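Observations on the three-dimensional arrangement
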Amino acid sequence: MEQTIYCISGLGADQRIFTNLHLTGYKLRHIQWIRPEKRETMQAYALKMAGIIEEDNAVLIGVSFGGMMGIEIAKLKPLRKLILVSSIKSVAELPYWMKLSGKLKLNKIIPVRPLRAMEKIANDRLGASNEEEKRIARAYRQAADPVYVEWAVNHVVNWKNNWQPDHIIHIHGDKDKMFPIKKITNSHIIKDGTHFMIYNRAAEISEIILQELKQ
């Protein structure tokens with residue numbers, strides 16, 4: 001019988017980002033982002049997400065902001081493994097420019113949905129390089145709920161976490177421009193991996209995950 005692995009995508013993304021993962025013996029169940037309540041805390045939101053996980057000691061994969069949310073879920077519900085991909089474990093790994101943005105509340109004045117003229121910069125930071133990846137990134141940006149995105153961005157730049165569960169696995173790309181590798185500790189490193197590597201380097205990531213789940 002296949003074991004369920006729960007998956008949380010990155011900010012504004014959906015289950016398509018996990019399309020290329022191949023984890024033999026496991027089935028993936030995507031936990032969808034929902035529109036937050038006004039002034040909802042990250043902890044209150046995590047409680048809702050944790051309620052979707054039907055068993056204790058589940059395996060959870062979180063990408064980018066999904067990994068941060070995964071840590072908040074792990075504070076509320078025991079997990080067998082928490083796997084972070086292109087994410088961060090604590091405030092120490094948060095880039096300085098994000099911390100500054102939170103401190104100065106710059107995220108409150110920057111448009112939630114990047115202007116079309118800024119799309120090239122956004123794709124470069126994401127690591128979407130070919131036409132297929134750019135098309136997916138554009139679709140995410142166009143479909144993203146601005147209420148949710150504004151809420152999520154605010155919680156990313158103001159995240160103060162210093163706790164992590166024991167059974168945590170971190171997989172990170174050394175070309176990640178969103179969360180630069182120089183801030184990241186104790187991770188499997190994907191050479192030339194970008195913030196989009198869950199999609200375009202899925203074979204290597206799948207192999208690491210399967211190896212870790214054997215332990």
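Read on for a plain summary of the structure. (Residues numbered from 1 in each chain as written. Predicted model: local features only at pLDDT ≥ 70, side-chain atom pairs only at ≥ 80, totals over all residues. Heavy atoms only, no water.)

Considering the packing of helix 1 (residues 42–52) against helix 2 (residues 65–74)
Threshold: To get an axis, fit a line to the C-alpha atoms, keeping to the stretch in contact for a helix; angles then go from 0 to 180 degrees between the N-to-C directions. For the purposes of this entry, the term helix denotes a DSSP run of H or I that reaches at least four residues, the term strand denotes a run of E that reaches at least two, and both are numbered from the N terminus. Just so you know how the angles are binned, under 35 degrees is roughly parallel, over 145 roughly antiparallel, 65 to 115 roughly perpendicular, and the rest oblique. Any two residues whose heavy atoms approach within 4.5 Å are treated as being in contact. Classes in brief: Ala, Val, Leu, Ile, Met, Phe, Trp, Tyr, Cys and Pro nonpolar; Asp, Glu, Lys and Arg charged; the others, Gly included, polar.
Where helix 1 meets helix 2, the closest approach of the two axes is 9 Å, and the angle between their N-to-C directions is 85°. Taken together, the axes of helix 1 and helix 2 lie roughly perpendicular to each other. Contact with helix 1, carried on its side by M42, Q43, Y45, A46, M49 and A50, involves F65, M68, M69, E72 and I73 of helix 2 and no other residues of that element. Of the residues contributing to the contact of helix 1 with helix 2, the split by class is nine nonpolar, one polar and one charged.

Description of the nonpolar core
In summary, soluble globular proteins display a tendency toward joint burial of nonpolar side chains. Quick note on the threshold: Residues belong to one nonpolar core when they are buried, are Ala, Val, Leu, Ile, Met, Phe, Trp, Tyr or Cys, and are joined through side-chain atoms within 4.5 Å. For every residue, the accessible area obtained with a 1.4 Å probe (protein chains only) is divided by the maximum for its type, and the residue is called buried under 20%, exposed over 50%, and partly exposed between those limits.
The biggest cluster of nonpolar side chains holds 36 residues, and the ones touching the most others in it are F65, M69 and I73. Leave out the neighbours within four places in its chain, and F65 touches G10, L11, W33, M42, Y148, W151, A152, H155 and V156. Of all hydrophobic cores here, the second largest spans 30 residues; its members include I5, L21, L23 and I208.

Points about helix 6 (residues 146–157)
Using the following cut-off: Helix span is expected to be 1.5 Å times the residue number reduced by one.
With 12 residues, helix 6 should cover 16 Å at 1.5 Å per step; its first-to-last C-alpha distance of 17 Å lies within 8% of that length. Here helix 6 has its buried residues at Y148, V149, W151, A152, H155, V156 and V157. The secondary structure elements touched by the buried residues of helix 6 are helix 1, helix 2 and helix 3 (96–104).

Some points on the layout of surface pockets
To keep things clear, this is the line we draw: A pocket here means an open set of points on a 1 Å grid, computed over the protein atoms alone, that has protein on both sides within 12 Å along at least five of seven lines. A cavity is instead a set of points where a 1.4 Å probe fits but cannot get out; residues with an atom within 4 Å of a point line either one. Grid points are joined across faces, edges and corners, and a volume is the space filled by probe spheres set on the points.
Volume-wise, the second largest pocket comes out at about 230 Å³. Contributing to the lining of the second largest pocket are 16 residues, with G12, A13, W33, A143 and A144 lying nearest its centre. Within the lining of the second largest pocket, the residues separate by chemical class into seven nonpolar, five polar and four charged.

What about unusual backbone geometry?
Leaving glycine out, the prevailing phi sign among residues is negative, and the prevailing peptide bond configuration is trans. The phi torsion at S86 lies on the positive side, around 55°, for a residue other than glycine. Checked against the element boundaries, S86 lands in the loop between strand 4 (79–85) and helix 3. Unlike most non-glycine residues, N186 shows phi in positive territory, near 50°. Considering the arrangement of structural elements, one finds N186 in the loop between strand 5 (168–173) and strand 6 (188–190). Given a relative accessible area of 72%, N186 falls into the exposed group.

Let's talk about the packing of aromatic side chains
Stated formally: Paired rings are identified among Phe, Tyr and Trp, the last through its six-membered ring, by centres lying within 6.5 Å, and are further divided according to the angle between planes into stacked (under 30 degrees), edge-to-face (over 60) and tilted (the rest).
Applying the stated rule across the entire model yields seven aromatic pairs. Here Y45 and W151 contribute two aromatic rings whose centre-to-centre distance is 4.5 Å and whose plane-to-plane angle is 35°, an arrangement assigned as tilted. Separated by 106 residues along the polypeptide, Y45 in helix 1 and W151 in helix 6 bring together distant segments of the chain. A residue is classified by how much of its surface remains accessible, and Y45, at 0% relative accessible area, is buried. For W151, a relative accessible area of 9% gives the class buried. These aromatic residues form a ring-pair network of at least three members: W33, Y45, F65, Y148 and W151.

Focus on the pattern of salt bridges
We apply this condition: Any Lys or Arg side-chain nitrogen found within 4 Å of a carboxyl oxygen on Asp or Glu counts as a salt bridge.
In total, this model carries 14 salt bridges according to the counting rule given. Two residues, K48 and E40, come together in a salt bridge whose shortest N-O distance is 3.0 Å. K48 gets classed as partly exposed once you look at its relative accessible area, which sits at 35%. In this structure E40 comes out as buried when scored by relative accessible area, which is 9%. Because the salt bridges share partners, they merge into one network encompassing E119, R138 and R141.

Some words on the sheet that holds strand 3 (residues 58–63)
Rules: Here, any two strands with at least 2 DSSP bridges between them count as paired.
Spatially, 2-1-3-4-5-6 is the arrangement adopted by the six strands of the open sheet, whose pairing is parallel. The two strands at the open ends of the sheet, each matched to only one other strand, are strand 2 (26–30) and strand 6. Adjacent strand axes in the sheet meet at a mean angle of 20°, parallel and antiparallel pairs treated alike. Across five bridges, strand 1 (residues 3–8) lies against strand 2 in parallel orientation. Across the sheet, Y6 pairs through a bridge with R29, a residue of strand 2. Where helix 8 (residues 202–213) meets the sheet, its contacts fall on strand 1, strand 2, strand 3, strand 4, strand 5 and strand 6, and the angle it forms with strand 4 comes to roughly 160°.

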